[in-house]
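# Geometric and topological summary
Listed here are the chains, written in short residue letters.
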Amino acid sequence: MTMNEPNFASYLSSFYDSATGILSANAAPDYIITPQMIKGNAILSTLTNALSAFSQPIGDTFVMMEDDLEGRYTSQRKKDYAPLLPYIHDGSFHIRTMKAERILMIPLLIDFSQDSRTLEKVYYKIPAEDRITPYLEATLEGIRTYIKRHPDGLFDFYPFLGIDPRLHSMKDMESLCSRYINTSHRFHKINEIPSKPCYGIKVYPPLGFRPWPNDRETLEKHRALYSFCESNRIPIITHADDQGFRGVSAEEAWANTDPAAWRTVLENYPDLIVDFAHFGKQYALTSRSNVQSIAARLRHHPDSPWFYSIISLMMDFDNVYADLSFSGSSPEFYQELKAYLSSLESGMRERIMGRILFGSDFSVNLLKVESYTEYFSIFEHSPFTDEEIETIGEKNMLRFLGLSEEPAAPLRRRKTIKRPEGT
């Protein structure tokens, strides 16, 4: 996104009802404000770097991301994780012993549509407004810009459309789905933008979306969306960490975001395909002060209760996934995840490994890493094997998306580049 898409008035209004919200908003330990950031001018350079991405048009960001993977930028500080060669070279993307001819990019559009009720306490009340349609149009224009400037580039785009049923009438929500959601389950042609350009749905509980709402009218719209997705095999990605862009109090945002809130949904729609972004990472200290979290830390396992809620859902439902986006900014997260998986019996370990998806959360992850290249480098240097990297980065993703054809060129083995000692 750029600075045009978010609803900042709604964001600020979320602080009215909660002192906890003011203290927790994007400031929990290890989320953004880390010890490394407060050294010297690190926090200023980090924020400037992130804002440089958010302040430019979406198409420029797509181009910047590929330029970065091609090695066209220079790191401003020493890195523990740096590739010997750019990730994109010789016309392909390379990681470890594998290469790929195409990279599927999945921009996730958040529905920032305006609900006039969120601004009841301010003088200049803004009427209800559809903000997702212009956001999609800006994204499609960004894709066209990328194709024009990088006609031989590796990126292919499969956006997910943000829909919050609370903010649309049943008729308008059904119109969004019928106009924009692609149900073909086929790869589109290279450098093509299909007439129905979106291949999944993005929901964002911190803004007020509740997986199973209490009031009948809103629940009816939620059920219509779930029915559409289940019957057409359309995947859903939901935000699942305790930070992010809020439109309600912290307490309400956390209640909405808790993966356990999806159990009723999945019991009613067992074939629904749902990915929990960020693997349920929790940063607020209060959420990790229980006995189970303390025991997990002693074992060097993930300590977030939401992580284990997602694992429980994976065990009970066949189409529950979790992705590494933003959480993968930390090498320690991969070490903890690998340690946890290694502690499991083989059947459970294989089931979970088959549900993990790669994700970056770019450009938000620039608040934790310097670049797209560094994010990939941390993933490459994770304790996962080559086969597990391939499973997470390709096999699971294609199954999650439900695409029926092989891409232009899947990941395939190549001769390993031997890294010099100490790199």
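Residues numbered from 1 in each chain as written. Predicted model: local features only at pLDDT ≥ 70, side-chain atom pairs only at ≥ 80, totals over all residues. Heavy atoms only, no water.

### Considerations on the sheet that holds strand β9 (residues 274-276)
In space, the 6 strands of this open sheet follow the order β6-β7-β8-β9-β10-β11, with parallel pairing throughout. The strands lining the two open edges of the sheet, one partner per strand, are β6 (160-162) and β11 (356-357). Both strand β8 (residues 236-238) and β9 contribute to a ladder of 3 bridges, which runs parallel. Counted as the bridge partner of Ile236 is Val274 from β9. (Pairing = 2+ DSSP bridges. Helix = DSSP H or I, 4+ residues; strand = E, 2+ residues; numbered from the N terminus.)

### Quick notes on the confidence of the model for the chain
Per-residue confidence for the chain averages 88 on the pLDDT scale, and 85% of its residues sit at or above 70. Contacts of residues 407-423 to residues separated by more than four positions or lying in other chains number 39 contacts, the stretch itself having pLDDT below 50. (pLDDT = per-residue confidence, 0-100. Contact = heavy atoms within 4.5 Å.)

### What about helix α12 (residues 331-342)?
Across its 12 residues, α12 extends 17 Å between first and last C-alpha, which sits within 8% of the 16 Å expected from 1.5 Å per residue. Inspection of α12 places Pro331, Phe333, Tyr334, Leu337, Lys338, Tyr340 and Leu341 among the buried residues, and these make up the whole buried set. (Expected span 1.5 Å × (residues − 1). Buried < 20%, exposed > 50% of the residue type's maximum accessible area, 1.4 Å probe, protein only.)

### Some details on the packing of aromatic side chains
For the structure shown, the criterion picks out 29 aromatic pairs. Lys281 extends its terminal NZ or CZ atom over the ring of Tyr283, reaching a point 5.6 Å from the ring centre. (Phe/Tyr/Trp six-rings, centres within 6.5 Å; stacked < 30°, edge-to-face > 60°. Lys NZ or Arg CZ within 6 Å of the ring centre and 35° of its normal.)

### Considering helix α10 (residues 291-298)
Put simply, Asn290 is the residue that caps the front of α10, since its side-chain oxygen is 3.2 Å from the backbone nitrogen of Gln292. Phi for His300, located one or two positions after α10, is positive at around 60 degrees. (Polar contact = N/O pair within 3.5 Å; in protein donor to acceptor, adjacent residues only side chain to side chain.)

### Regarding the nonpolar core
Counting residues in each nonpolar core, the largest one holds 84 residues, and the members touching the most others are Trp262 and Phe279. Top contributing element to this core by residue count: helix α5 (residues 132-149), with 7 residues. Non-local contacts of Phe279, meaning those with residues more than four positions away in its chain, are made with Ala240, Phe307, Ile310, Ile311, Met314, Ala322, Asp323, Leu324, Phe333, Leu337 and Ile356. (Core = buried A, V, L, I, M, F, W, Y, C linked by side-chain atoms within 4.5 Å.)

### Quick notes on a nonpolar patch on the surface
A cluster of nonpolar side chains, Met3, Phe8, Leu47 and Leu51, forms an exposed patch at the surface whose accessible area comes to about 340 Å². A residue is classified by how much of its surface remains accessible, and Leu47, at 34% relative accessible area, is partly exposed. (Patch = residues over 30% accessible without salt bridge, like charges linked within 9 Å, V, L, I, M, F, W, Y side chains within 5 Å. Areas by Shrake-Rupley, 256 points an atom, 1.4 Å probe, with all protein chains shown as cover. Salt bridge = Lys/Arg side-chain N within 4 Å of Asp/Glu carboxyl O.)

### A short note on the side chain of Ser377
Note on placement: Ser377 falls in helix α14 (residues 372-380). Excluding anything up to four places from it in sequence, Ser377 contacts Tyr81, Ala82, Pro83 and Tyr87.

### Some points on empty space enclosed by the protein
All told, the structure shown has 6 cavities of 30 Å³ or more when counted by the stated rule. Its volume calculated, the second largest cavity comes out at about 90 Å³. Along the wall of the second largest cavity there are 14 residues; nearest its centre are Ile143, Phe157, His188, Glu192 and Ile193. Those elements that place two or more of their residues in the lining of the second largest cavity are α5 and β5 (155-157). The leading source of residues in the lining of the second largest cavity is α5, at 4 residues. For the lining of the second largest cavity, a count of residues per class yields 10 nonpolar, 2 polar and 2 charged. (1 Å grid on protein atoms, 1.4 Å probe; cavity = no way out; pocket = protein on both sides within 12 Å on 5 of 7 lines; lining within 4 Å. Points joined across faces, edges and corners; volume = space filled by probe spheres on them. Nonpolar A, V, L, I, M, F, W, Y, C, P; charged D, E, K, R; others polar.)

### Description of the pairing of strand β2 (residues 92-95)
A two-sided burial pattern is seen for β2, the buried positions comprising Ser92 and His94 on one face and Phe93 and Ile95 on the other. With 2 bridges joining them, strand β1 (residues 88-89) and β2 adopt antiparallel strand pairing. In the strand pairing of β2, His89 is matched with Ser92. As consecutive antiparallel partners, β1 and β2 are separated by 2 residues, and within that stretch Asp90 has a phi angle of approximately 55 degrees, a positive value. Bridge count between β2 and strand β3 (residues 98-100): 3 bridges; the pairing is antiparallel. Within β3, the position partnered with Ile95 by the bridge is Met98. As consecutive antiparallel partners, β2 and β3 are separated by 2 residues, and within that stretch Arg96 has a phi angle of approximately 50 degrees, a positive value.

### Side note on unusual backbone geometry
Along the chain, Phe362 connects to Ser363 via a cis peptide bond; the corresponding omega equals 15 degrees. Assignment of secondary structure puts Ser363 in the loop between β11 and α14. Although it is not a glycine, Asp90 adopts a positive phi angle of roughly 55 degrees. Within the secondary structure, Asp90 is located in the loop between β1 and β2. On the basis of relative accessibility, which here comes to 70%, the residue Asp90 falls in the exposed class.

### Let's talk about the pattern of salt bridges
Inspection of every chain in the model, using the stated rule, returns 13 salt bridges. A salt bridge links Arg96 to Asp386; its shortest N-O distance comes to 3.2 Å. Here Asp386 lies in helix α15 (residues 386-401) and Arg96 lies in the loop between β2 and β3, a separation of 290 residues in the sequence. A cluster of three or more residues bridged by salt bridges with shared partners is formed by Asp67, Glu70 and Arg72.

### Some thoughts on the packing of helix α4 (residues 58-69) against α14
The N-to-C vectors of α4 and α14 enclose an angle of 55 degrees; their axes lie 8 Å apart at closest approach. When the axis of α4 is compared with that of α14, the two are oblique. When α4 is examined against α14, the residues Met65, Asp68 and Leu69 are found in contact with a partner set consisting of Tyr372, Thr373 and Phe376. Across the contact of α4 with α14, the residue classes tally to 4 nonpolar, 1 polar and 1 charged. (Axes fitted to C-alpha atoms, helices over the stretch in contact; angles between N-to-C directions. Parallel < 35°, antiparallel > 145°, perpendicular 65-115°, else oblique.)

### Quick notes on the packing of α4 against α5
Axis separation between α4 and α5 bottoms out at 7 Å; the angle between their running directions is 45 degrees. In terms of axis orientation, α4 runs oblique to α5. Pair α4 / α5 crosses with right-handed handedness. Facing Ile58, Gly59, Asp60, Phe62, Val63 and Glu66 of α4, the residues of α5 in contact are Tyr135, Ala138, Thr139, Gly142, Ile143, Thr145, Tyr146 and Arg149. In terms of residue class, the contact of α4 with α5 is built from 7 nonpolar, 4 polar and 3 charged. (Left-handed = near helix turned anticlockwise from the far one by under 90°.)

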